[in-house]
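# Secondary and tertiary structure notes
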Amino acid sequence: MNRTVTCKRATKETRISVTLNLDGTGKTQIDTGIGFFDHMLDGMARHGLFDLTVNAGGDLCVDGHHTVEDTGIVLGQAILEGIGDKAGIRRYGQMILPMDETLALCAVDLSGRPYFKYDAPFTADRLGELDTELVREFFYAVSYSAKMNLHLKILDAGNNHHMAEALFKSFGKALDMATMREPRIEGAWTTKGSL
């Protein structure tokens, strides 16, 4: 079963194209126009072992909000389409990831019921050209577009770059675990009969 998906979004503010292979090896080709965001998406895909291509054009003359949020929306759509009916996948994934002095927790449930919890006490307003408040906006958009339950929390804070990187990498690792095929499961892993 091929789990490679391309999703696109075009608005007056952005033009986004995302190709995601859930069964990849961590190859990336990412250009959002926001260098630090590209770096975070690259780390997420490489550590999640997803092949990820992102081409994003947005109104960066305003700020990065629309580009980051819409990239999250399209990535979430690609995840949702890639997992299909969720038959035979593990559904849940989690990771506690250290990044030097920082420690991040990510937990994912591909339940079809979107919910988002986030606790990341950034002390810097920006990392490169990325507003740190947009980290939350990105993951919120992913969680709701993918219809996933997503919890992200910084357990030990420190350097803001390390905190952001730990969040993105832990998400990649948790999502990889949740989307893995489990040969002992037939159909969706639920007591309800379907997700």
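First, a word on what this report is: a plain description of the structure on this page. All figures in this text were calculated on a predicted structure; none of them were measured in a lab.

Before going further, it helps to spend a moment on the pattern of salt bridges. All told, the structure shown has 11 salt bridges when counted by the stated rule. When the shortest N-O distance is used, the salt bridge between R91 and D109 registers 2.6 Å. Within this pair, whereas R91 is found in the loop between α2 (65-83) and β5 (92-99), its partner D109 is found in strand β6 (residues 102-109), the two being separated by 18 residues in sequence. For the pair R91 and D109, one class covers both residues: buried. The partner of E137 in a salt bridge is R136, and the shortest N-O contact between them spans 3.8 Å.

With that settled, the discussion passes to the nonpolar core. Core analysis: the biggest nonpolar cluster contains 55 residues, and L52, F139, M148 and F171 have the highest contact counts within it. Looking at this core element by element, the count peaks at 9 residues for helix α4 (residues 160-179). The residues contacting F171, other than those within four sequence positions of it, are M44, I79, C106, V108, F139, V142, M148 and L150.

What follows is about the packing of helix α3 (residues 133-145) against α4. Here α3 crosses α4 at 15°, and the two axes come no closer than 11 Å. Taken together, the axes of α3 and α4 are roughly parallel relative to one another. The two elements α3 and α4 cross, and the hand of that crossing is left-handed. Contacts between α3 and α4 involve V135, F138, F139 and V142 from the former and L167, F168 and F171 from the latter. Residue composition of the contact of α3 with α4, by class: 7 nonpolar, no polar and no charged.

A positive phi angle is found at L49, which is not glycine, with a value near 60°. Summarising the element assignment, L49 is placed in the loop between α1 (35-48) and β4 (51-58). Despite not being glycine, R91 shows a phi value in the positive range, around 75°. Residue classification places R91 among the buried positions, given a relative accessible area of 7%.

Thresholds applied
- Note on numbering: residues in each chain are counted from 1, in written sequence order.
- Per-residue local features are limited, in this predicted model, to residues with pLDDT of at least 70; the limit for side-chain atom pairs, both in listing and counting, is 80 or more; totals at the level of whole chains, interfaces and linings are taken over all residues.
- Hydrogens and waters are ignored; side-chain quantities use all the structure's heavy atoms.
- Salt bridge criterion: a side-chain nitrogen from Lys or Arg within 4 Å of a carboxyl oxygen from Asp or Glu.
- Put simply, DSSP H or I for four residues or longer makes a helix, DSSP E for two residues or longer makes a strand, and each gets a number counted from the N terminus.
- Buried residues are those whose accessible area, probed at 1.4 Å on protein chains only, stays under 20% of the maximum for their type, while exposed residues exceed 50% and partly exposed ones sit between those limits.
- Throughout, nonpolar core names a set of buried Ala, Val, Leu, Ile, Met, Phe, Trp, Tyr and Cys residues whose side chains join them through atoms within 4.5 Å.
- Note on contacts: a residue pair is in contact if any heavy atoms of the two residues lie within 4.5 Å.
- Between the N-to-C directions of two axes lies an angle of 0 to 180 degrees, each axis being a line fitted to C-alpha atoms and, for a helix, fitted only over the stretch in contact.
- Here roughly perpendicular refers to angles of 65 to 115 degrees, roughly parallel to angles under 35, roughly antiparallel to angles over 145, and oblique to all remaining angles.
- Working rule for handedness: look at the near helix, and if it is turned counterclockwise from the far one by less than a right angle, call the crossing left-handed; if clockwise, right-handed.
- Here the term charged refers only to Asp, Glu, Lys and Arg, the term nonpolar to Ala, Val, Leu, Ile, Met, Phe, Trp, Tyr, Cys and Pro, and the term polar to all other amino acids, Gly among them.

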